[in-house]
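Close look at the chain arrangement
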Amino acid sequence: MSRLAILAAVAALFIVPPAVAQSPAAAVTAERLNAADRDPGNWMSYGRSYRGEHFSPLTAISRDNVGRLGLAWSSTIDEVRPVQAVPLVIDGVMYVTGAWSNVYALNARTGAELWRFDPEVDKAWLGFECCKGVNRGVAAWNGKVFVGTLDGRLVALDAATGAKVWDTLTIDRAWPYAITGAPRVVKGKVIIGNAGGDLGVRGYVSAYDAETGALVWRFYTVPGDPALGFEDEAQRRAAATWHGDWWTMGGGGTVWESIVHDPALNLVYIGTGNGAPWNRKVRSRGQGDNLYTNSIVALNADTGAYVWHYQSTPGDDWDYTATQPIVLADLEIDGQVRKVAMQAPKNGFFYVLDRATGELISAEAHAAVNWATGVDLATGRPIEVAAARYPDGKPVRVQPGSTGGHGWYPMAFDAGTGRVFLVSNNNAQVYGDEPGWTFARGYLSGATCSFCAPAEQPASLPLAPPGSFLTAWDPVAQAAVWRTPVDGPRGGVLATAGGLVFHGDGAARFAAYDARDGRALWRFDTQNPVIAAPVSYTVDGEQYVALAVGEGYASLIDGPVPYPAAVPNTNRVLAFKLDAAGRLPPVDYDPPPLPAPPALPASADDASLKLGFERYHRFCFHCHGFYATGDKVQPDLRFSDMLGDADAWNDVVRGGVRAFNGMMAFDQVLDAAATEAIRLYVIAEARRADTRGTVRPLQ
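Summary of the structure given here. Being a predicted model, the structure only gives us computed values, none of them experimental.

Okay, the side chain of Asn42 next. Relative to the elements of secondary structure, Asn42 occurs in the loop between helix H3 (30-34) and strand S1 (55-56). The class for Asn42 is buried, based on a relative accessible area of 8%. Here Asp91 takes part through its backbone nitrogen, which lies 2.6 Å from a polar atom of the side chain of Asn42. In contact with Asn42, not counting residues within four places along its chain, are Arg32, Arg48, Val89, Ile90, Asp91 and Gly92.

Burial in helix H9 (residues 646-653) covers these residues: Ala648, Trp649, Val652 and Val653. Within H9, the buried residues cover an arc of 125° as seen down the axis, which keeps them to one side. Of the surrounding elements, those touching the buried residues of H9 are helix H10 (672-687). For H9, the capping residue at the N-terminal end is Asp645, with a side-chain oxygen 3.1 Å from the backbone nitrogen of Asp647.

This part takes up the side chain of Asn294. Secondary-structure assignment places Asn294 in the loop between helix H5 (280-284) and strand S19 (295-300). A polar atom in the side chain of Asn294 sits 3.1 Å from the side chain of Thr293. In this structure, Asn294 is in contact with Thr272, Gly273, Asn274, Gly275, Tyr310, Gln311, Ser312, Thr313, Asp316, Tyr320, Thr321 and Ala322, ignoring residues within four places of it in sequence.

Close approach of charged atoms allows side chains of opposite charge to pair. One pass over the full model with this rule turns up 37 salt bridges. Put simply, Asp91 and Arg32 hold a salt bridge, and the shortest N to O gap is 3.2 Å. Of this pair, Asp91 sits in the loop between strand S3 (88-90) and strand S4 (93-97) while Arg32 is found in helix H3, placing the two residues 59 residues apart along the sequence. Residue classification places Asp91 among the partly exposed positions, given a relative accessible area of 33%. A salt bridge links Glu231 to Arg202, with the nearest nitrogen and oxygen atoms 3.0 Å apart. With Glu231 in the loop between strand S14 (215-220) and helix H4 (233-239) and Arg202 in the loop between strand S12 (189-192) and strand S13 (204-209), this residue pair connects regions lying 29 residues apart in the sequence. Overall, the relative accessible area of 45% leaves Glu231 in the partly exposed class. On the basis of relative accessibility, which here comes to 13%, the residue Arg202 falls in the buried class.

Moving on, we come to empty space enclosed by the protein. In the structure shown here, the tally under the stated rule is two cavities of 30 Å³ or more. In this structure, the largest cavity occupies an estimated 230 Å³ of space. Taken together, 25 residues line the largest cavity, and the ones lying closest to its centre are Tyr46, Gly47, Arg184, Ile259 and Val260. Where the lining of the largest cavity is concerned, the elements lending two or more residues are strand S7 (139-141), strand S11 (184-186) and strand S16 (259-262). For the lining of the largest cavity, a count of residues per class yields 16 nonpolar, seven polar and two charged. Size it by volume and the second largest cavity reaches roughly 60 Å³. The wall of the second largest cavity is formed by 13 residues, among which Gly181, Ile192, Gly193, Val255 and Trp256 lie closest to the centre. Residues of the lining of the second largest cavity, tallied by class, amount to eight nonpolar, four polar and one charged.

Reading the values: the criteria
- Residues numbered from 1 in each chain as written.
- Predicted model: local features only at pLDDT ≥ 70, side-chain atom pairs only at ≥ 80, totals over all residues.
- Heavy atoms only, no water.
- Helix = DSSP H or I, 4+ residues; strand = E, 2+ residues; numbered from the N terminus.
- Buried < 20%, exposed > 50% of the residue type's maximum accessible area, 1.4 Å probe, protein only.
- Polar contact = N/O pair within 3.5 Å; in protein donor to acceptor, adjacent residues only side chain to side chain.
- Contact = heavy atoms within 4.5 Å.
- Arc of directions from axis to C-beta.
- Salt bridge = Lys/Arg side-chain N within 4 Å of Asp/Glu carboxyl O.
- 1 Å grid on protein atoms, 1.4 Å probe; cavity = no way out; pocket = protein on both sides within 12 Å on 5 of 7 lines; lining within 4 Å.
- Points joined across faces, edges and corners; volume = space filled by probe spheres on them.
- Nonpolar A, V, L, I, M, F, W, Y, C, P; charged D, E, K, R; others polar.

Take a look at the structure:
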């Protein structure tokens, strides 16, 4: 090689390729986020922009050509537990999370993995959240990607390499907090809340310096022990709305999902969770509004100081969280353009608020509601049906139930048509005082007999037929424009300027609907149920639509997955573009034969089965399903190889020998008799010959 060639080769080592120099990884700034509509090819924040509208201005894929949409690529997320994340796509790189707070960077054109990060979450922490170890996404800022971990940390990663930059603990681990939601970044501060309200914690939201991980501010959503003093005047005012010794049980109000930002008003808006325990008689002597639970709270973005709040369900008795998506918009109402915040919390009403002041502008039911007859616009309070609060403690069937008239999954807003697109649910649940309830921190603490013993027949207020619908909602007229039935009560929504609404459902169907009338124009079999919201972006001038696919939480709430259709869960990210012809691998699954259940011991009398039913549905159902059926992720206890071995059963349930896999020990709340009663109840379910369905065993 000549001397000149050698010098040229050496010089080449120090030349940064132009594309890299011009586009460093995750080069997200306030200027870019504020101008997100002028950069429609990227999806730089959870809702695409600060407003949280989950709307893409891209038009290459439209109602006229969506029939040509095909699979461009598929990337497997090699985890059994489900995916619920909204991906970010920034300058050709996709950032998405799986279970256990793992982070993946993918080539957004091909799906090739660029790097992955495992935060090494303590898997025993699974018992401190409801939903199988899920994570709902990341935030990006100034070359970094941020993820909240299940065990309460906030981690900053180098967006180019996935290397950890800093790791900050956001919780006191003496309390059962967890993080499942996606962080947001506002003015160089990473904002994150946490989950765990139903397990006995006090809610708060925190802001950390994006460069160092140092705490900048924190706002509590529930006041603490008055004897210790209050953090600010907002806490002092809130304490007047609580009664009894609420702080000993935490109070709830956790900020586990919705966070949006208005740069012009310099406000951050958070949605807060339910008061806990659910039963207000227990947590607050049946009195008070219990601020700031079940509310939208506006905070100063610089300091976290309280500015205003609106509470949609004062003194909640039903788990009607207000952590559902908040969307900011400008709407013409009565001839005047109003800057509004919109939300459809669990309680079944759709709210439009003035986002500068918190004034209620309008509220109407978008789903079946029987706990209230409407909302008083003069006071902002619901017009309650007194019987819905189960005042005598006896069970009553209320709509909606804790699944909600709308859940946490994103809704979408198209400013061009003025329509909001969301999933509306008609569902019901039994509420009543739980006999013999005692508080135990770290364990589900409703203090309601939502799953009362079968002999207790609940009273029923008027009920609408059950069903779930993709709804186009006019927030000005406060009325549905159209409704299309969908399979299952969950699933995030994407709307596009191409006149389309994208939504995936519990039957493993990803579909595009005509935004004008709700007609399905295109469908794709994803092989596994969908719960996450899609996104849209461009690479090399081509528009893509992408989403994470993998078994969600719906099957445990809405019934078991039919057998043998319950194939193993395969988590993937799927990306679609026009005229692509990709195919998913065929499903090749030969389910194992189901073992015969053990005989029901003579000790299984009516009293023990009743005790087993009650204890199972207090401590076990939210992981293993209403009737111990499990799903494609959680074990079907009816076919457990330990069901016939009382000692092995006790070792797992009370001894915690499977804590490494997320099965925490329940020795603090279940004695040996109750543990055995649960085993007998599960055996009885295994031997039951009815239509509850069957799922594959996962042991």
